[in-house]
Amino acid sequence: MDKPGLQQNLTFSTESAVPAPFIMPLVHDTEIFKCFFPILSHIQLIWELVLTGEPIVVMANSPSICSETVQALVSMILPLRYCSDYRPFFTIHDSEFKEYTSRTQAPPPVILGVTNPFFAKTLQHWPHIIRIGDSLQLGPSAKSHKLKKGSSLKTLDSKPGVYTRYKPFLAKDKTVLKRMAQGIKTKRPSEVQNALLRRHFLEITQSFMIPLERYVASLMPLLRNVSPYKGIPHTRPFDPEEFIKSLDFSGPQLTTGIRGDWIGLYRRFFRCANFEGWYNTRIQEVNRKLQLLHLEALSNADLQSWARGRQEVEVVDLILKIKEKMKLAVKYQLPVSNDINEMLLTQMDSVIEALPDDLKAVLNNN
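Fair warning: this is a prediction, and the values are worked out from it, not measured in the lab. (Residues numbered from 1 in each chain as written. Predicted model: local features only at pLDDT ≥ 70, side-chain atom pairs only at ≥ 80, totals over all residues. Heavy atoms only, no water.)

*Asks:* Before we go on, may I ask you to explain the state of the cysteines in this structure?
*Replies:* As enumerated under the stated definition, the model contains 0 disulfides in all. Here cysteine 83 stays free of any disulfide, with the sulfur of cysteine 272 as its closest cysteine sulfur at 8.2 Å. Residue cysteine 83 is classed as partly exposed on the basis of its relative accessible area of 25%. (Disulfide = S-S within 2.5 Å. Buried < 20%, exposed > 50% of the residue type's maximum accessible area, 1.4 Å probe, protein only.)

Quick look at the structure:
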């Protein structure tokens, strides 16, 4: 039975072999339990906001608290990379100040951390605002901030909480909340609480992404379609509706017990930068793999037999294309083995040797 030739992960053109840039989201492991403790009961809702690239403002009284909270938000969806902009500490002196405080256009998909009380009024129109208290205290006596509707934003300057009109697609995972509460009651070490919370986010993100990974793998061309005498085969385009249909037998329900409107969440995800960034990365990885497979197929092909009876222009065209592919492989640092490189050079030399002297000179000098 034929299997997709590329089970690996993705530039929308199959001719591009440029590796996707990777931005390290965090320079240190944020203490997410401490950051999320005041808003612990809303972590499912906030995870959805971050996943779908919604505009979020974090308001706190100190730069360290707002910065740590923004970093914690970005890390919620790991290993998925957060692809929108985020500013752990945004001030009135930042160049985007006018753009972000403007009421004439919708807020951009950015996560901002602010401390200046001035922002309580100028960013009131943002759809999702997290207001953290004076300190990130842990323990049974610490207060948990409530979820408040957007209409109560006038009280932002005094009352901590989560201000949003967003209706979550998924139900709360009460299991993790109970586990966190039990840890607080028994004074479980914060390192353990951090690990439990990170594992929760990792599992729910993976449950969300695994169906997408499976579907993208199914778009890949079969190995038998990688021919040395043809161009590199293309991947099938991503079809949202086809993917939605696949959820009936390979959806998140296979790996998580969390219920809700997963389809609605996927549709919202498709419209955000996180999906675009993930998909482009997968396509680029696949294109790199296709380039390697094509070079390998060329190295194993009997080019001498193929060249017999062919027009000279066809043979010259093939040689030039192979040389160009080898240059691109070096330029984009594709992991081509020495054996494949040597076999390709040998193949080209044998084919060139059978050509007229004038063409030999041209190709050897090219």
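The rest of the description comes next.
*Asks:* How do you make sense of the pattern of salt bridges when you look at a structure like this?
*Replies:* Pairing between side chains of opposite charge can happen when their charged atoms approach one another. Taken as a whole, this structure holds 13 salt bridges when the rule is applied. Between aspartate 85 and arginine 87 there is a salt bridge, with the nearest N and O atoms lying 2.9 Å from each other. Overall, the relative accessible area of 17% leaves arginine 87 in the buried class. Two residues, glutamate 213 and arginine 282, come together in a salt bridge whose shortest N-O distance is 2.7 Å. Within this pair, whereas glutamate 213 is found in helix 7 (residues 190–218), its partner arginine 282 is found in helix 10 (residues 273–300), the two being separated by 69 residues in sequence. Judged by its relative accessible area of 25%, glutamate 213 falls in the partly exposed class. Connected through shared salt-bridge partners, Asp85, Arg87, Asp94 and Glu96 make up one network. (Salt bridge = Lys/Arg side-chain N within 4 Å of Asp/Glu carboxyl O. Helix = DSSP H or I, 4+ residues; strand = E, 2+ residues; numbered from the N terminus.)

*Asks:* Help me understand the pairing of strand 4 (residues 128–131), please; the structure alone is not making it clear to me.
*Replies:* For a regular strand, side chains alternate in direction, first toward one face of the sheet and then toward the other. Neither face of strand 4 is open: one carries His128 and Ile130, the other Ile129 and Arg131, and all of them are buried. Pairing geometry for strand 1 (residues 56–59) and strand 4, over 4 bridges, is parallel. Bridging across to strand 4, isoleucine 56 finds its partner in histidine 128. The sheet contact formed by strand 4 and strand 6 (residues 161–164) spans 4 bridges and is antiparallel. Counted as the bridge partner of isoleucine 130 is valine 162 from strand 6. (Pairing = 2+ DSSP bridges.)

*Asks:* Is there a simple way to explain the packing of helix 7 against helix 8 (residues 240–250) in this structure?
*Replies:* For any two helices packed against each other, one specifies the inter-axial angle together with the distance between the axes. Where helix 7 meets helix 8, the closest approach of the two axes is 10 Å, and the angle between their N-to-C directions is 115 degrees. Of the two possible hands of crossing, helix 7 and helix 8 adopt the one that is right-handed. Across from Pro211, Leu212, Arg214 and Tyr215 in helix 7, the residues of helix 8 making contact are Glu242, Phe243, Leu247 and Ser250. Classifying every residue of the contact of helix 7 with helix 8 gives 5 nonpolar, 1 polar and 2 charged. (Axes fitted to C-alpha atoms, helices over the stretch in contact; angles between N-to-C directions. Left-handed = near helix turned anticlockwise from the far one by under 90°. Contact = heavy atoms within 4.5 Å. Nonpolar A, V, L, I, M, F, W, Y, C, P; charged D, E, K, R; others polar.)

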